[in-house]
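Here is how the chains run, residue by residue.
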Amino acid sequence: MNDTKQPNKFTRFLRNNAALLLLIFCVLAIAAVVLAVTLTRDNTPVIPDDPVTSNPNENDNKPNDNDNKPTTQKVDIHFVKPLEYTGFGMEFTFGPSNLFAFNSTLKEWRVHQGVDLLAADGAEVVAMYDGTVIETGESLLKGSYVVVDHGDNVIATYGSLTDLTVSKGDTVKQGDLLGLAGASAGKEYKEGAHLHLEVALNDENVDPMPYVNGEIYRTIEVAVEQ
Ligand SMILES: [Zn+2]
């Protein structure tokens, strides 16, 4: 009898305290849910924190990088050939070993203070470097000519031209058109269309070919694009 009564007592206890037990269960369940939500809330803020903290770092680095970057860089600017030439006429004469060049027009050996670059009639003649036009004119020896001060005591005379496109005082950029190759130099006309090119360095004529070939260059500082 005792064996049968004991479960009855337990059952009765459950029935009598069902409300209390249900309340305890609910409290535990709510506590579990609150704990779970709290734990996930504690974890989730870590994820958005990362971009928030890394963005200011990136912003901090950017100005620092710019501060360290040089604002200028050195660039070699080479002289460029003044026209598409097809051959040579009279060469530059210099010194005892190469005193004269034969002038086919005058049929005599003469000093030639420049080089004659043969080209198609009307070939475009351009500035070998940036500069300022300091003189234009016309002479029997040079034909229609343009004198450009290329800076650093380098002055180039572009002669035997036609259709000059610049005037005294003009600023020219490297590659700017100066005129067209022709046969305007009366004392050289038998060479046909060509550019009579002289280069004076420190007021002394020098061989123009190193300039024509781009062997001469200047190192300049230019601004770096940020
Ligand atoms: Zn010449």
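Because the structure is predicted, anything quoted here is derived from the model rather than measured.

Chemist: Explain the nonpolar core residue by residue, including any values.
Modeler: If you look at the biggest cluster of nonpolar residues, it comprises 32 residues, and the most contacted ones within it are Val125, Val146, Val148, Tyr158, Leu161, Ala181 and Leu195. Residue assignment for this core shows that the elements contributing at least two residues are strand S5 (115-118), strand S8 (143-149), strand S9 (154-162), strand S11 (177-181), strand S12 (194-201) and helix H4 (209-212). Not counting the four nearest positions on each side in its chain, Val148 is found in contact with Ala127, Gly131, Thr132, Val133, Ala156, Tyr158 and Val172.

Chemist: Lay out the environment of Tyr189 with the relevant residues and their values.
Modeler: With respect to the helices, strands and loops of the structure, Tyr189 is situated in the loop between S11 and S12. Judged by the 17 C-beta atoms lying within 10 Å of it, Tyr189 falls in the partly exposed class. Along the backbone, Tyr189 and Thr105 are 84 residues apart, and their C-alpha atoms lie at a distance of 6.6 Å. When sequence neighbours within four positions are dropped, the list of residues in contact with Tyr189 reads Thr105 and Ala183.

Chemist: Report on the pairing of S9, specifying residues and quantitative values.
Modeler: The buried fraction of S9 amounts to 7 of the 9 residues, a majority that puts the element mostly inside the structure. Pairing geometry for S8 and S9, over 5 bridges, is antiparallel. Residue pairing in the sheet places Asp149 in a bridge with Ile155 of S9. In this antiparallel pair of consecutive strands, S8 and S9, the connection spans 4 residues, and Gly151 shows a positive phi of 80°. In the sheet, S9 pairs with S12 via 6 bridges, with the strands oriented antiparallel. Counterpart to Ile155 in the pairing with S12 is Ala200. Bridge count between S9 and S11: 2 bridges; the pairing is antiparallel. By the bridge assignment for S11, Leu161 is matched with Ala181.

Criteria and thresholds
- Residues numbered from 1 in each chain as written.
- Predicted model: local features only at pLDDT ≥ 70, side-chain atom pairs only at ≥ 80, totals over all residues.
- Core = buried A, V, L, I, M, F, W, Y, C linked by C-beta atoms within 7 Å.
- Buried ≥ 20, exposed ≤ 12 C-beta atoms within 10 Å, placed from the backbone.
- Helix = DSSP H or I, 4+ residues; strand = E, 2+ residues; numbered from the N terminus.
- Contact = placed C-beta atoms within 7 Å.
- Pairing = 2+ DSSP bridges.

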